[in-house]
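The primary structure of each chain is shown beneath.
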Amino acid sequence: MIKSGMSEKHHRWVLRKLTDEGAVTNSRQFPFRFFSAYAVLGEMEKAYESNRLKEEEIKVVEEEVKVVEEEVKVVEEEVKVVEEEVKEAEVEESQTPTRPCLMIATANNVQPIRGTTVVYCDVGGGSDMPCLSAKSLGEPRTVAEVTVLLGLMFKYASEHSQVIICGDYGYQQVELESGTILKNMEHVMAMQKILNKTSATRNGGIPEEHLMEFLTTRTQIDNLVVLSMHLGPKNSAMLTKFTSKFRQLVNEDLMFVNVNIGWSLALSPPDVTHGHDNDVTISGFSDQILRWRTVRVFISSTFRDMHGERDLLTRFVFPELRARCRKQFVNVVEIDMRWGMTEKDARSNRILELCLREAGRCQMFVGMLGERYGSIPSRHALPDTPEFDWVRAYPRGASITELEMSLAALPETSRVRDNAFFYIRDNTFMRDVPKQWRSDFATENSDAAKRLANLKDQLRTSGQEVYDG
């Protein structure tokens, strides 16, 4: 727009939009888009400076040849200088609001990352090569630049975080300076050059001693992120060992994300095998990486009479839902506890604990009730933690299904109150069930029938979405 010679009025209007938090947020633009604009403006500034120098040289020659026109040329030169100063001022003025745009877009257009996040940015040898997978950052960027920029965005988007820069000869934790993401990027890139200088001992890659400190001190980590050109076998084995041990001793729900920034989508790294559902590997770079989010949906029902409904959900409904949601950068994961428990869990009376933990971790809840009340645990073998206080206060004799649905529906326990849906099957369905199978769908006994009727009444009056029939 500057090159096209837009009016000052329109230029001022653009600047107001770029500095307006509401306008930037409502644009839904990802921060990398503003980084691209900033880079282009930088290139324009250099071009104007180059043109200005060339014109000054021409003016000197013209003054020597055309002495007679010297006064006219002086006037023209002054006019040119004024015009160039105006252009430079416009470029600088446009760059200034673009810097905070990155901050605003990161704060408002990136899904917040909850909990404690530790990010390792491997910017050692080889990361100074062009990042072939980065297509939306203006001029070509190196793997190191993209790694640092993405790491800083994790820093700004996370609730609590540590970002560690790892070079060929050491590592250092990033402390944010006052200013914008771009200002901090310059600071970290200077740090990268220092960490990659020749030293007596080479300790490249992810620092094992720094990782192990989290394990020995039992420090809570919710998300572990590794950004690198490509993890080698040594680092991969070390991280696998660490995450396995950390989940055993500190946090069983640790999320581990490995981003191989140096690989393009057309050139994928060797096949990666994961030993845990919370291990994720991403190859290549996209400015949508931080936009992805996962939604977990808990399926609650008695097992014996609802196998058909659960099978329809897991085999047909959720695959279709997943395909549609991927277009909106949402990963949908259904939690069906038919496959989530072992004989060891049953022997140690951990079934209730596991079911309630999983239900509590989910953002959405689907409950289905027929005529069966469900299994009643002989005792509540639950950890002595505040999250289960409500269960200990709950009237004895409740089935696991009732406790799951109470967690989702009742005001005093609900964690997913606005995202719970319940389906109650019409009992006339029983007339179509063959006699030899009817016992699998019938209520267990009179006490179970009474409790089931009470549960259905509670759900119907809970304010949740309930579908009868």
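Relevant structure appears above.
Calculation rules
Residues numbered from 1 in each chain as written. Predicted model: local features only at pLDDT ≥ 70, side-chain atom pairs only at ≥ 80, totals over all residues. Heavy atoms only, no water. Helix = DSSP H or I, 4+ residues; strand = E, 2+ residues; numbered from the N terminus. Buried < 20%, exposed > 50% of the residue type's maximum accessible area, 1.4 Å probe, protein only. Contact = heavy atoms within 4.5 Å. Areas by Shrake-Rupley, 256 points an atom, 1.4 Å probe, with all protein chains shown as cover. Polar contact = N/O pair within 3.5 Å; in protein donor to acceptor, adjacent residues only side chain to side chain. Salt bridge = Lys/Arg side-chain N within 4 Å of Asp/Glu carboxyl O. Core = buried A, V, L, I, M, F, W, Y, C linked by side-chain atoms within 4.5 Å. Disulfide = S-S within 2.5 Å. Pairing = 2+ DSSP bridges. Axes fitted to C-alpha atoms, helices over the stretch in contact; angles between N-to-C directions.

Draft legend 1. Region of interest: the overall build of the protein. Of regular secondary structure, the protein possesses 14 helices and 11 strands. Counting all 469 residues of the protein, 45% fall into the buried class. Long-range pairs, those at least 24 residues apart, make up 76% of the contacts in the protein with a sequence separation of at least 6. A total of about 25,600 Å² of accessible surface is found on the protein, and carbon and sulfur atoms cover 53% of it.

Draft legend 2. Highlighting the side chain of His210. As for its placement among the helices and strands, His210 is situated in helix H7 (residues 208–216). A relative accessible area of 12% places His210 in the buried class. A distance of 2.7 Å separates a polar atom in the side chain of His210 from a polar atom in the side chain of Tyr120.

Draft legend 3. Quick peek at the pattern of salt bridges. Scanning the model with the defined rule gives 22 salt bridges in all. For Asp384, the salt bridge identified is with Arg392, shortest N-O distance 3.9 Å. Residue classification places Arg392 among the partly exposed positions, given a relative accessible area of 33%. When salt bridges that share partners are traced, they join Asp253, Arg296, Glu358 and Arg361 into one network.

Draft legend 4. Structural detail: the nonpolar core. Ranked by size, the top nonpolar core spans 31 residues in total, and within it Leu356, Phe365, Val391, Leu403 and Phe422 carry the most contacts. Only helix H11 (351–361), strand S9 (364–369), helix H12 (389–393), helix H13 (400–409), strand S10 (420–424) and helix H14 (446–460) provide two or more residues apiece to this core. For this core, the element with the highest residue contribution is H13, accounting for six residues. Every residue in contact with Val391, bar those within four places of it in the chain, is listed here: Leu352, Leu356, His380, Leu382 and Leu403. Formed by 27 residues, the second largest nonpolar core is a distinct cluster that contains Val123, Val146, Leu152 and Met189.

Draft legend 5. Broad picture of the side chain of Glu334. Here Glu334 lies in strand S8 (residues 330–336). There is a polar contact of 2.6 Å between the side chain of Glu334 and the side chain of Arg322. Those residues in contact with Glu334 that lie beyond four places of it in its chain are Val297, Ile299, Thr314, Phe318 and Arg322.

Draft legend 6. Region of the structure containing the state of the cysteines. Taken as a whole and assessed by the stated rule, the structure comprises zero disulfides. Its sulfur unpaired, Cys121 is 7.5 Å from the next cysteine sulfur, which belongs to Cys166. By relative accessible area, which is 1% here, Cys121 ends up buried.

Draft legend 7. Quick look at the sheet that holds S9. The five strands are arranged S8-S7-S9-S10-S11 in an open sheet whose pairing can be described as parallel. The strands lining the two open edges of the sheet, one partner per strand, are S8 and strand S11 (465–468). Each adjacent strand pair in this sheet contributes to an overall mean axis angle of 15°, direction not counted. Where strand S7 (residues 293–300) lies against S9, four bridges are found, and the strand directions are parallel. Bridge pairing in S9 links Ile299 to Val366. Running at roughly 135° to S9, H13 makes contact with S7, S9 and S10 of the sheet. Running at roughly 140° to S9, H14 makes contact with S9, S10 and S11 of the sheet.

These results come straight from atomic positions and should not be treated as a statement about function.
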